[in-house]
Amino acid sequence: MTQKSNTITKLTNQELSIQLSLSGLSFCILQKETNTISTLKEIDFDKKLNPLEVQDQLEHLFNTESTLQKTFSKVYLIHENELSALVPKPLFNEDCLADYLKFNSKILKSDFITFDNIDINDSVNVYVPYVNINNFIYEKFGAFIFKHFSTVLIQQILHIEKNSDTPKLYAHITSDHFEILATEKGKLMLYNTFEFNTKEDFIYYVLFTAEQLKLNPETFNLIFIGDVVEDSDLYQIAYKYIRHVSFGKRYDNYNYASSPKSGYSNFTIINSF
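One structure accompanies this document, and this report is about it. (Residues numbered from 1 in each chain as written. Predicted model: local features only at pLDDT ≥ 70, side-chain atom pairs only at ≥ 80, totals over all residues. Heavy atoms only, no water.)

**Concerning the overall build of the protein**
Short version of the rule: Strands here are runs of E lasting at least two residues and helices are runs of H or I lasting at least four, both read from the DSSP assignment and numbered beginning at the N terminus. Values of the radius of gyration come from C-alpha atoms, whereas the globule rule sets the reference at 2.2 Å times the count of residues to the power 0.38. The cut-offs for exposure are 20% and 50% of the maximum accessible area for each residue type, with area from a 1.4 Å probe on protein chains only; residues under the lower value are buried, those over the upper are exposed, and the others partly exposed. Any two residues whose heavy atoms approach within 4.5 Å at even a single point are treated as in contact.
When helices and strands are tallied, the protein shows 7 helices and 16 strands. A globule of 273 residues ought to have a C-alpha radius of gyration of about 19 Å, and the protein, at 19 Å, matches this closely. Reported as C-alpha extents along the three principal axes, the dimensions of the protein are approximately 60 × 45 × 40 Å. Counting the 273 residues in the protein, one finds 50% classified as buried. Contacts in the protein between residues far apart in sequence, at least 24 positions, make up 58% of those at least 6 positions apart.

Take a look at the structure:
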């Protein structure tokens, strides 16, 4: 395959995936010929930034990280924010994108709104990407693929759960927020994202979600993925209130130059290829 940059065109079998939010970013490089993740790095910001400040961080990363100063056969960009809404495909109208978001997200008239198709459950994910980041990546690499973080997360979890009958709540953990996905019999029952500061915030949202879905804490499974470990406060408080608590798995088949922190960390960026 060929990839054109601003300065050079050459054959390459490397693919790059970048995931970014206002709180941090990560990037991952896949060597296709050996099916090896050769680079996987995460960068947490000291504080929550605005999109222009995130672009500054990304530009600095490209200027200082030698592994990024190459050409890539494909480039993926994953936008992580709360500005998204799921719409059943039969009800979707491309002329009404702002209407799907305005009731549960703060959007501006000037915001660019786009969408991803999620074929596995016949839905459409409507969201606001960071347009300045898209423009920067396009100027650097040319054509690339971008998606919303929740698109990748939902697709992967529904693929894992396609033959399962047991109701489950998946909690994808980051430093300042978490996503919760409820599944039953391979179907998505609910997706939402919550900011939290304490373990009490976290367990309140989990138990409230379970109550709304009429799930019994004695019988449903809570599965952690993302940035969480067994001795964390979140795991310990969850285990206090919910009988069945465990950790998930990415189910990828890549080789790794350096292993990820766990078999359930970096869940979306590794599954974005």
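**Topic: the pattern of salt bridges**
Close approach of charged atoms allows side chains with opposite charge to pair. Cut-off, in case you're wondering: For this analysis, a salt bridge means a side-chain nitrogen from Lys or Arg found within 4 Å of a carboxyl oxygen belonging to Asp or Glu.
The full count for this structure, using the stated rule, is 9 salt bridges. Across the salt bridge formed by E195 and K48, the nearest N and O atoms sit 3.4 Å from each other. One end of the pair, E195, is in strand β13 (residues 187-195); the other, K48, is in the loop between β5 (36-44) and α1 (51-64), with 147 residues separating them in the sequence. For E195, a relative accessible area of 55% puts it in the exposed group. K48 gets classed as partly exposed once you look at its relative accessible area, which sits at 47%. In this structure, D99 engages K102 in a salt bridge whose closest nitrogen and oxygen atoms are separated by 3.1 Å. You can call D99 partly exposed: its relative accessible area is 35%.

**A word on the side chain of S150**
Our working definition: For the purposes of these results, a polar contact is taken to be a pair of N or O atoms within 3.5 Å, where, inside protein, one atom must be able to donate a hydrogen and its partner to accept one; residues adjacent in sequence count only when each atom of the pair is a side-chain atom.
Structurally, the position occupied by S150 is in helix α4 (residues 149-160). Among the polar contacts made by the side chain of S150, one reaches the side chain of N125 at a distance of 2.8 Å. Non-local contacts of S150, meaning those with residues more than four positions away in its chain, are made with S84, N125 and Y191.

**Let's talk about helix α3 (residues 131-141)**
All of the buried residues along α3 are N132, I133, N134, F136, I137 and F141. Looking one or two residues past α3, G142 carries a phi angle of roughly 85°, positive in sign.

**Regarding the environment of R250**
Position of R250 among the secondary structure elements: in the loop between β15 (244-247) and β16 (255-256). Those residues in contact with R250 that sit more than four places away from it in its chain are Q156, Y256, P260, S262, G263, Y264, S265, N266, F267, I270 and N271.

**Topic: the packing of helix α5 (residues 199-212) against helix α6 (residues 233-241)**
Filter applied, for reference: Axis lines are fitted to C-alpha atoms, over the contacting stretch for helices. Their N-to-C directions set the angle, which ranges from 0 to 180 degrees. Working definition: roughly parallel below 35 degrees, roughly antiparallel above 145 degrees, roughly perpendicular at 65 to 115 degrees, and oblique for all remaining angles. It is the rotation of the near helix from the far one that decides the hand of a crossing: anticlockwise by less than a right angle makes it left-handed, clockwise makes it right-handed. Amino acids outside the nonpolar list (Ala, Val, Leu, Ile, Met, Phe, Trp, Tyr, Cys, Pro) and the charged list (Asp, Glu, Lys, Arg) are all regarded as polar, and Gly is one of them.
Closest axis-to-axis distance for the α5/α6 pair is 9 Å, and the angle between their directions is 45°. Judged by the angle between their axes, α5 and α6 are oblique. Seen from above, α5 lies across α6 with right-handed handedness. Note on element contacts: α6 touches α5 through D233, L234, I237, A238 and Y241, opposite K199, E200, F202, I203 and L207. Here the contact of α5 with α6 is built from residues that sort into 7 nonpolar, no polar and 3 charged.

**Quick look at a negative patch on the surface**
Here is the rule: Within this analysis, patches are made of residues with over 30% relative accessible area and no salt bridge. Like charges are joined at 9 Å or less; nonpolar side chains (Val, Leu, Ile, Met, Phe, Trp, Tyr) at 5 Å or less. Values of accessible area rely on a 1.4 Å probe in the Shrake-Rupley scheme; residue burial ignores everything except the protein chains shown. In this tally Asp and Glu are treated as negative and Lys and Arg as positive; neither His nor the chain ends contributes. Here the site of a charge means NZ on Lys, CZ on Arg, CG on Asp, or CD on Glu.
Taken together, the side chains of E200, E230, D231 and D233 present a region of like negative charge at the surface. Its place among the elements puts D233 in helix α6. The class of D233 is exposed, set by a relative accessible area of 51%.

**Quick notes on the environment of T193**
The residue T193 is located in strand β13 in this model. The exposure class assigned to T193 is partly exposed, which follows from its relative accessible area of 23%. Along the primary structure T193 and S164 are separated by 29 residues, whereas in three dimensions their C-alpha atoms are 23 Å apart. Filtering out sequence-adjacent residues up to four positions away, T193 remains in contact with E82, H177, F178 and E179. A polar atom in the side chain of T193 sits 3.4 Å from the backbone oxygen of F178. A polar contact of 3.2 Å, which involves the side chain of T193, links it to the side chain of E179.

**A closer look at the pairing of β15**
Remark: a regular strand shows side chains that alternate across the two faces of the sheet. For clarity, the cut-off: Should DSSP find at least two bridges between two strands, the strands are taken to pair. Think of it like this: strands point away, you trace from the first strand over the helix to the second, and a clockwise trace means the crossover is right-handed.
Strand direction decides the pairing type here: strand β14 (residues 221-226) and β15, joined by 4 bridges, are parallel. Looking at the pairing, L222 lines up with V245 of β15. The parallel pair β14 and β15 is bridged by α6, and the resulting crossover is right-handed.

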